[in-house]
Amino acid sequence: MHLQNTHNTMESNAAMDATSPASRDVRQFHDLITCRLCRGYMIDPTTVDYCYHTYCRSCILKHLLRAVYCPECKASGGKEINELNLKSDDTLRSLIYKLVPGLYQRECKELADFKEQHDFVDEQTTDEPEFFTTTELISLSLEYHPAMLHQCGPGEVPPTIYLQCAAGLPVELLKRFLCSKYNIETDNGLVEVEVTYKDEVLPTNFTLMDVAYCYNWSRESPMAFCYRILLYDNEQTKNDENNLSRINQDIEPEHSVRRSKSAKSVTFAEDLESEIDSGSPRS
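Residues numbered from 1 in each chain as written. Predicted model: local features only at pLDDT ≥ 70, side-chain atom pairs only at ≥ 80, totals over all residues. Heavy atoms only, no water.

### With respect to the overall build of the chain
Assigned secondary structure in the chain consists of 10 helices and 9 strands. Scored against the burial criterion, the 283 residues of the chain give a buried share of 39%. Contacts in the chain between residues at least 24 apart in sequence constitute 66% of all its contacts with a sequence separation of at least 6. Accessible area for the chain stands at about 17300 Å²; split by element, carbon and sulfur atoms hold 50% of it. (Helix = DSSP H or I, 4+ residues; strand = E, 2+ residues; numbered from the N terminus. Buried < 20%, exposed > 50% of the residue type's maximum accessible area, 1.4 Å probe, protein only. Contact = heavy atoms within 4.5 Å. Areas by Shrake-Rupley, 256 points an atom, 1.4 Å probe, with all protein chains shown as cover.)

Here it is as structure tokens:
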């Protein structure tokens, strides 16, 4: 069930947030995720099986009460259709809710308000929400990468860090947090902090919400990240290794990339401080 004023709400919210980076990204797909009948984001996208035009389910059902043709095909003499020709597009539904954070929650609220106003009796469900908002809190853990633990001595293993952050938090801020914890200057070109999830190095512009969607994370347990700190002989070596890593990932994405011996892994703050404060240059 869908309320007409939901579309007005979507349009007004989109206008208010038009200056945000997320909104600028959504506008690239605006024509693909909006309904041609109500001009709002498609709710419960439904496709006509003859022509593959897609509309909100409520919008196309209302249209069929007064016409028997697809709204976009009527002028070209399209075939007559009825409710049996309408197919739900769950993939598009999921994409829209992921592209427009908060839309799913607002739609659920509209539906709940409608049921309350009309004394509509419905069974209570306890299913967890399918989609995230940028302000939803996500529990996560930061653990030093297990592959590097052999370099740690007795009692030197860094403890796992547990945090609770907004779903819109970018990975870049997790890296800055680790830099602050280990007294690393963020502009130090000879030190690199990598944050990984399921053994894949994450882009700095990824948000926790992106990680949740890309890796099918559920809310049952904290989002488990790993990190490692690398020292380089010079900035040229660092750039060469980063370029090689990207090339190898493109060619063999299923294999992990081995780093050359010029990059040294640091296990705890004391080692890192001794390397940074050392009087003799490494290069």
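### Points about the side chain of Arg228
Structurally, Arg228 can be placed in strand E8 (residues 223–231). Of the polar contacts made by the side chain of Arg228, one reaches the side chain of Glu194; its length is 2.6 Å. Arg228 has contacts with Tyr144, His145, Met148, Glu192, Val193, Glu194, Thr196 and Val201, leaving out every residue within four places of it along the chain. (Polar contact = N/O pair within 3.5 Å; in protein donor to acceptor, adjacent residues only side chain to side chain.)

### Topic: the pairing of strand E6 (residues 191–197)
Buried residues dominate E6, accounting for 7 of its 7 residues. Here E6 shows two buried faces, one formed by Val191, Val193, Val195 and Tyr197 and the other by Glu192, Glu194 and Thr196. In terms of strand pairing, E6 meets E8 through 6 bridges, oriented antiparallel. By the bridge assignment for E8, Val193 is matched with Ile229. Sheet topology note: the E6/strand E7 (residues 200–201) ladder contains 2 bridges and is antiparallel. Residue Thr196 lies in a different strand from E7, and its bridge partner there is Val201. Between E6 and E7, which pair antiparallel one after the other, the connecting turn spans 2 residues, and Lys198 there sits at a positive phi close to 55°. (Pairing = 2+ DSSP bridges.)

### Examining the UniProt feature "domain: RING-type" (unreviewed entry) in the chain
This chain's UniProt record puts "domain: RING-type" (unreviewed entry) on residues 35–74. Note that residues 35–74 is 20% helix and 18% strand, and that its end C-alpha atoms are spaced 16 Å apart. (UniProt positions renumbered as here; feature names shortened; annotations may be inferred.)

### Examining the environment of Gly78
Locating Gly78 in the fold gives a position in the loop between helix H4 (57–64) and strand E3 (86–88). Taking C-alpha positions, Gly78 is 8.5 Å from Cys51, a pair spaced 27 residues apart along the chain. Residues within four places of Gly78 in sequence aside, it is in contact with Tyr69 and Cys73.

### Structural notes on unusual backbone geometry
Across the chain, the bulk of peptide bonds are trans and the bulk of non-glycine residues have phi less than zero. If you check the backbone angles, Lys198 has positive phi at about 55° while not being a glycine. Locating Lys198 in the fold gives a position in the loop between E6 and E7. Residue class for Lys198 comes out exposed when judged on its relative accessible area of 57%. Non-glycine residue Asn216 carries a positive phi angle of around 55°. By the element assignment, Asn216 lies in the loop between helix H8 (208–214) and E8. Residue classification places Asn216 among the exposed positions, given a relative accessible area of 67%.

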